[in-house]
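# Residue-level structure breakdown
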Amino acid sequence: MKIIRHLTPTGPAYAALQSDGSARAIAGDIYGAHQVTDQVVKPGKLLAPVVPAQILCIGLNYRQHAAESGAKVPERPVLFVKGINTLQNPGDPILIPQFLRSDEVDYECELAVVIGKAGKNIPRAKALDHVLGYTCANDVSARDHQIKLGGGQWCRGKFFDTFAPLGPCLVTPGGHTQSQHAQDRHDPQWQARPGLDDERHDLRRAHHHRVPQRQHDPRPRHRDPDRHTPGRRHGRQTQPGLAQARRQREHRDRKDRHADQPGRKRENVRLGCRAGSPNPAFRYRLAFDGGVRRPRPTKSQMKRVHLDKIPWYEWSSPGGKFHGAGKGISEELGAKPNATLAAGGHPFDLELGKFSPGKSGCPFHAHSAQWECYYILSGTGTMRHGDQRRDVRAGDVMMHPPGNAHQLINTGTTDLLYYLVADNPLTEFWHYPDSDKWGFKPGGAIFRKQDVDYNLGEEDSPAAQQPPKPRAMPPAPAATFVNVADVAWEQRRSPKGRYDSLFRNLSLAVGGIRGAGVQAGGHPFDLQIRRVMPGAAICPYHSHAAQWELFVFTAGRGVVRTPEGRHEVGPGDVVLHPPGAPHQTLAAADCELECLIIADNPPVEICHYPDSNKWGINPGGHYFRMTAVDYYDGEE
């Protein structure tokens, strides 16, 4: 069977290629229980067939290749690694290192063995029982960094971003023989490369020697899977490399560490992390040639992640009535879980959620301060809200203000996928009407309340408690619903057409007020779908003084301009621009670019447009250029 991994409007998915050229969706976990369904799908953009936990390689394993390089064929397998950052989709470009410049980038067509089952101390005879399948790989190498600049090891030359394309498909065991030959269509001679019968160490022996010391789990490594379990105090695991990078930067920037300091020889010293890293925390370089320090890139304020790189986490109640999975997008973008802006969070959080048929993610509940907005991506379900129920489907957007009890239930036959956007109030309590219990934040305590008289314990002892006075609860606000297809497109076009896009303002459709925060009758955050015309931009290059903007790209191709340069974006990319980070979104010249935009609504906001050196202020919508004056001008 041939399995592909492709991009759909709801994210990456697996499909099985059929003999007639069609493809059918695969349900389940390809590393565990899965099946080919009857659902015929049209494959989207092809992705790497798997996202491995690690890429372990065997060097000099072909006799002919060893002879070509003048190396001796080793008696035992030579192991090296390629980082997960090297993974690239089939057909996507390989990025040549520029900062750590390489003029000797080479390619090698390889067989990739995908391990599908965990194991340890595996006997040679059972090694292939742990193989999920096989795919094609390109072991791209910067030979100058590997040989001349690598210090005697290979990882440096093979560790650059995009240096491990995989695909296009994963072939399950059954059609593989050890007499096949590999061909590379980029070879000018279309020369057949050595086949598997040229291997010094066959697959069984290579795998037997690969990881004899410890258990190997082939699945992508998730963080703590229980960190979102109800009742557990949330915590974000930090990346060890961040602290190390910070310490190295601080050590590097000490004044007594300058290259020309007497007594410290700094010639020809090079320290650096992987080139082109998407993680801005790793954008540091230290390079000296003869005591001359090279300029290094500045730290980017833009935060970026791809949906495909975010692991799913699962949660479940003890009896399994409430069960779901999610991707914490805001956490991946640097937000501290369940924290306000002052405590290290973002003004709003975005999560991609998923329920299986018959399940709900949480009980029927209402918030005292938090707003929640659901955007259904695929599947069907039911939304309980107040004392009503409403069927929901793909494209439905639902805004639940504080006080509106609600619960989303999957009543369909397929997974229900949705985006959930919520703000982060400073303090909050929530009510569960079905069980008449309450929760409180901060602290996360769950309790049942007992009404008492206001003066209990103040003037009266508990034994002399007065009956509480009857209270009339205010009516709960209603939820608002709209389907994206029912929201009309509006156009925003500059006079000469340089800025041209269509938009659907979902927040206005569910009762928001344009540009207004909660205090002015609006919502704490706004949602908008944008479709940017080919070659045009949404708006000029600008930065916000207070507003946060998050872009989820859903279709097409484009670039995001920042002070660090231009960054290509496509479906699945998520980009966050905090206040003070200049940015601009443009569509490619030959296609439209579509995205979902989420932004908060600060009460006062100033925008700066660096290209034209003008400013804008809201409320009011006035644009101006500044003229410097004395502080006391007009005062005396």
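Residues numbered from 1 in each chain as written. Predicted model: local features only at pLDDT ≥ 70, side-chain atom pairs only at ≥ 80, totals over all residues. Heavy atoms only, no water.

### Some points on the overall build of the chain
Check the secondary structure of the chain and you find 7 helices and 45 strands. Out of the 636 residues belonging to the chain, those deemed buried represent 45%. (Helix = DSSP H or I, 4+ residues; strand = E, 2+ residues; numbered from the N terminus. Buried < 20%, exposed > 50% of the residue type's maximum accessible area, 1.4 Å probe, protein only.)

### Regarding the side chain of asparagine 424
Along the polypeptide, asparagine 424 turns up in the loop between β28 (416-423) and β29 (428-432). For asparagine 424, the side chain forms a polar contact with the main-chain oxygen of alanine 339, separated by 3.4 Å. Aside from chain neighbours lying at most four places away, what touches asparagine 424 is Asn338, Ala339, Thr340, His346, Pro347, Phe348, Asp349, Gln370 and Lys441. (Polar contact = N/O pair within 3.5 Å; in protein donor to acceptor, adjacent residues only side chain to side chain. Contact = heavy atoms within 4.5 Å.)

### Describing a negative patch on the surface
The grouping of Asp630, Asp633, Glu635 and Glu636 at the surface amounts to a negative patch. Along the chain, glutamate 635 falls in the segment after β45 (622-624). Taking relative accessible area as the criterion, glutamate 635 reaches 60% and is therefore assigned exposed. (Patch = residues over 30% accessible without salt bridge, like charges linked within 9 Å, V, L, I, M, F, W, Y side chains within 5 Å. Areas by Shrake-Rupley, 256 points an atom, 1.4 Å probe, with all protein chains shown as cover. Salt bridge = Lys/Arg side-chain N within 4 Å of Asp/Glu carboxyl O. Lys, Arg positive; Asp, Glu negative; His and termini not counted. Charge placed at Lys NZ, Arg CZ, Asp CG, Glu CD.)

### A few points about the pairing of strand β44 (residues 614-618)
Where strand β43 (residues 605-609) and β44 come together, 5 bridges link them in antiparallel fashion. Within β44, the residue paired with histidine 608 across the bridge is tryptophan 615. Here 3 bridges tie β44 to β45, and the two strands are oriented antiparallel to one another. What sits directly across from isoleucine 617, in β45, is histidine 622. Counting the residues between successive antiparallel strands, the hairpin from β44 to β45 contains 3 residues, one of them, glycine 620, with a positive phi of roughly 120 degrees. (Pairing = 2+ DSSP bridges.)

### What about the sheet that holds strand β34 (residues 500-505)?
Strand order in the open sheet formed by 7 strands is β18-β40-β37-β42-β35-β34-β33, with antiparallel pairing between adjacent strands. Edge strands, defined here as strands with exactly one partner in the open sheet, are β18 (303-306) and β33 (490-493). Strand-to-strand twist across the sheet, computed as the mean angle between neighbouring axes with direction ignored, equals 25 degrees. Two strands pair when backbone bridges link them, and strand β37 (residues 549-556) and strand β42 (residues 593-600) are joined in this way by 7 bridges, in the antiparallel orientation. When the sheet's bridge partners are listed, phenylalanine 553 is paired in β42 with cysteine 595. (Axes fitted to C-alpha atoms, helices over the stretch in contact; angles between N-to-C directions.)

### Digging into the environment of lysine 158
Among the secondary structure elements, lysine 158 is positioned in helix α3 (residues 155-158). Spatially, the C-alpha atom of lysine 158 lies 8.3 Å from that of histidine 145, the residues being 13 residues apart in sequence. Discounting residues that sit within four places of it in the chain, lysine 158 has contacts with Phe80, Lys82, Thr86, Glu108, Asp139, Val140, Ser141, Arg143, Gln146 and Phe163.

### Regarding unusual backbone geometry
The omega torsion of the bond from glycine 167 to proline 168 falls at 20 degrees, within 30 degrees of zero and hence cis. Following the sequence through the fold, proline 168 ends up in the loop between β13 (164-165) and β14 (170-171). Look at asparagine 338: it is not a glycine, yet its phi comes out positive at around 55 degrees. Tracing the backbone shows asparagine 338 in the loop between α6 (329-332) and β21 (348-355). Phi is positive for aspartate 436, close to 50 degrees, though the residue is something other than glycine.

### What about the nonpolar core?
Grouped burial of nonpolar side chains is what soluble globular proteins tend to show. One finds Ile329, Tyr419 and Leu550 to be the most contacted residues of the largest nonpolar core, which totals 30 residues. When near neighbours in sequence (up to four residues on either side) are disregarded, tyrosine 419 contacts Leu307, Ile329, Leu350, Glu351, Leu352, Cys373, Tyr374, Tyr375, Leu377, Val552 and Leu596. (Core = buried A, V, L, I, M, F, W, Y, C linked by side-chain atoms within 4.5 Å.)

### Concerning the sheet that holds β45
Pairing is antiparallel across the open sheet formed by 4 strands, whose spatial order is β36-β43-β44-β45. The strands lining the two open edges of the sheet, one partner per strand, are β36 (543-544) and β45.

### What about empty space enclosed by the protein?
Going through the model one piece at a time under the given rule, you end up with 2 cavities of 30 Å³ or more. Its volume calculated, the largest cavity comes out at about 70 Å³. Forming the walls of the largest cavity are Leu7, Thr8, Pro9, Thr10, Gly11, Leu307, Leu377, Tyr419, Phe553, Thr554, Pro571 and Gly572. Class assignment of the residues belonging to the lining of the largest cavity gives a composition of 7 nonpolar, 5 polar and no charged. (1 Å grid on protein atoms, 1.4 Å probe; cavity = no way out; pocket = protein on both sides within 12 Å on 5 of 7 lines; lining within 4 Å. Points joined across faces, edges and corners; volume = space filled by probe spheres on them. Nonpolar A, V, L, I, M, F, W, Y, C, P; charged D, E, K, R; others polar.)

### Quick word on the confidence of the model for the chain
Overall, the prediction assigns the chain a mean pLDDT of 79, with 77% of residues at 70 or greater. Contacts from residues 207-215, a stretch scored under 50 in pLDDT, to residues over four places away or in other chains number 24 contacts. Low pLDDT, under 50, characterises residues 221-244; the stretch is placed with 37 contacts to residues that sit more than four places away or in other chains. (pLDDT = per-residue confidence, 0-100.)

### So, the state of the cysteines
If you walk through the whole model with that rule in mind, you get 0 disulfides. Cysteine 155 takes part in no disulfide bond, and the closest cysteine sulfur, belonging to cysteine 57, lies 8.5 Å away. Classification of cysteine 155 by relative accessible area gives partly exposed; the value is 23%. Lacking any disulfide linkage, cysteine 539 is separated from the closest cysteine sulfur, that of cysteine 607, by 8.6 Å. Overall, the relative accessible area of 17% leaves cysteine 539 in the buried class. (Disulfide = S-S within 2.5 Å.)

### Concerning the pattern of salt bridges
Following the criterion strictly, the structure yields 16 salt bridges and no others. Where aspartate 308 meets arginine 5, a salt bridge forms, and the shortest distance between an N and an O atom there is 1.9 Å. Here aspartate 308 is found in the loop between β18 and β19 (313-316), whereas its partner arginine 5 is found in strand β1 (residues 2-8), with 303 residues between them in sequence. Overall, the relative accessible area of 17% leaves aspartate 308 in the buried class. Arginine 5 gets classed as buried once you look at its relative accessible area, which sits at 4%. Between aspartate 139 and lysine 82 there is a salt bridge; the shortest N-O distance is 2.9 Å. In this pair, aspartate 139 sits in the loop between β11 (131-138) and β12 (141-142) while lysine 82 sits in strand β7 (residues 78-82), placing the two residues 57 residues apart along the sequence. With a relative accessible area of 8%, aspartate 139 lands in the buried category. Members of the salt-bridge network, linked through shared partners, are Lys82, Asp106, Glu108, Asp139, Arg143 and Lys158.

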